[in-house]
Amino acid sequence: CREPALAERWARLLAEEFRLQAKKEEETGVEVSTFMLGGYKAGNEIFFIQTFVKPLWDTMALWNPPFKFYLQQLTNHLDLLQKRTQAKEDNDDRDDEKMIENRSTFHPGDFKNGRSTKSMPTQRSQPRSDLPSIHGDGPVSRFARQKRASLQVPQAADVGPRA
């Protein structure tokens with residue numbers, strides 16, 4: 001229930017701590033949760049506030065009325081985050097519409113022998129391996145799988161009573 005600028009600073013520090021924790025987990029061969037690699041995102045803050053923080057402060061404000069001030073501050077911060085997120089989504093939607101509009105307008109002279117005369121951006125045939133993936137096939141997950149595969153795991157036949 002801090003002022004929005006201070007709350008965002010703390011959220012960014014926490015995201016950095018998550019990133020460092022993921023790095024340590026990667027170094028030790030533990031599978032890393034992908035949310036720890038994402039960095040600061042307003043959507044994560046909104047989820048955390050709505051799911052955990054606001055219900056707690058709603059209850060505390062009922063129990064101790066002076067806490068209503070902090071609850072109001074929290075509500076204002078949540079509204080600010082939601083407005084920022086909505087504005088970004090609206091901007092992204094406008095960018096998508098422009099891109100679709102630009103792709104859908106062509107003139108007969110744009111094609112010769114069935115091929116475009118305009119240069120089109122090349123698409124990657126392989127996903128970028130330097131970015132984390134939500135599907136568990138990013139570099140961190142690959143590293144963890146390789147590390148696990150290299151560990152000596154006893155087989156069922158190896159485990160049993162010793163003579």
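Note on numbering: residues in each chain are counted from 1, in written sequence order. Given that the model is predicted, a residue must reach a pLDDT of at least 70 before its local features are reported, and side-chain atom pairs must reach 80 or more before they are shown or counted; all residues, however, enter totals for whole chains, interfaces and linings. Only heavy atoms go into the side-chain values, all of them from the structure, while hydrogens and water stay out.

### Points about the overall build of the protein
Labels follow the DSSP assignment, with helices taken as runs of H or I lasting at least four residues and strands as runs of E lasting at least two, numbered in each case from the N terminus. A count of helices and strands for the protein gives four helices and two strands. Walking the protein from its N terminus toward its C terminus, one meets helices and strands in the order α-α-α-β-β-α. Only protein chains enter the calculation, and the probe is 1.4 Å; a residue is then buried if its accessible area is under 20% of its type maximum, exposed if over 50%, and partly exposed in between. Counting only residues that meet the buried cut, the protein has 17% of its 163 residues in that class. Methods summary: accessible areas were calculated by the Shrake-Rupley approach with a probe of 1.4 Å, and residue burial reflects only the protein chains presented. Just so you have it, the protein exposes about 13500 Å², and 56% of that area is on carbon and sulfur atoms.

### Here we look at helix α2 (residues 42-63)
Owing to its 3.6 residues per turn, the α-helix aligns residues three or four sequence positions apart on the same side. Take the number of residues in a helix, subtract one, and multiply by 1.5 Å to get its expected span. Here α2 spans 29 Å end to end across 22 residues, near enough to the 32 Å set by a 1.5 Å rise per residue. Of the residues making up α2, those classed as buried are E45, I46, I49, V53, W57 and A61.

### Let's talk about the packing of aromatic side chains
Pairing of aromatic rings covers Phe, Tyr and Trp, the last counted by its six-membered ring, and requires centre-to-centre distances within 6.5 Å; plane angles under 30 degrees mean stacked, over 60 mean edge-to-face, and any other angle means tilted. Counting across every chain of the model gives six aromatic pairs. Measuring from centroid to centroid gives 6.4 Å for F47 and F52, while their planes differ by 85°, and the two rings are edge-to-face. Judged by centre distance (5.2 Å) and plane angle (80°), the rings of F69 and Y70 are edge-to-face. A relative accessible area of 54% means that F69 is categorised as exposed. Cluster of aromatic residues (ring-pair linked, three or more members): W57, F67, F69 and Y70.

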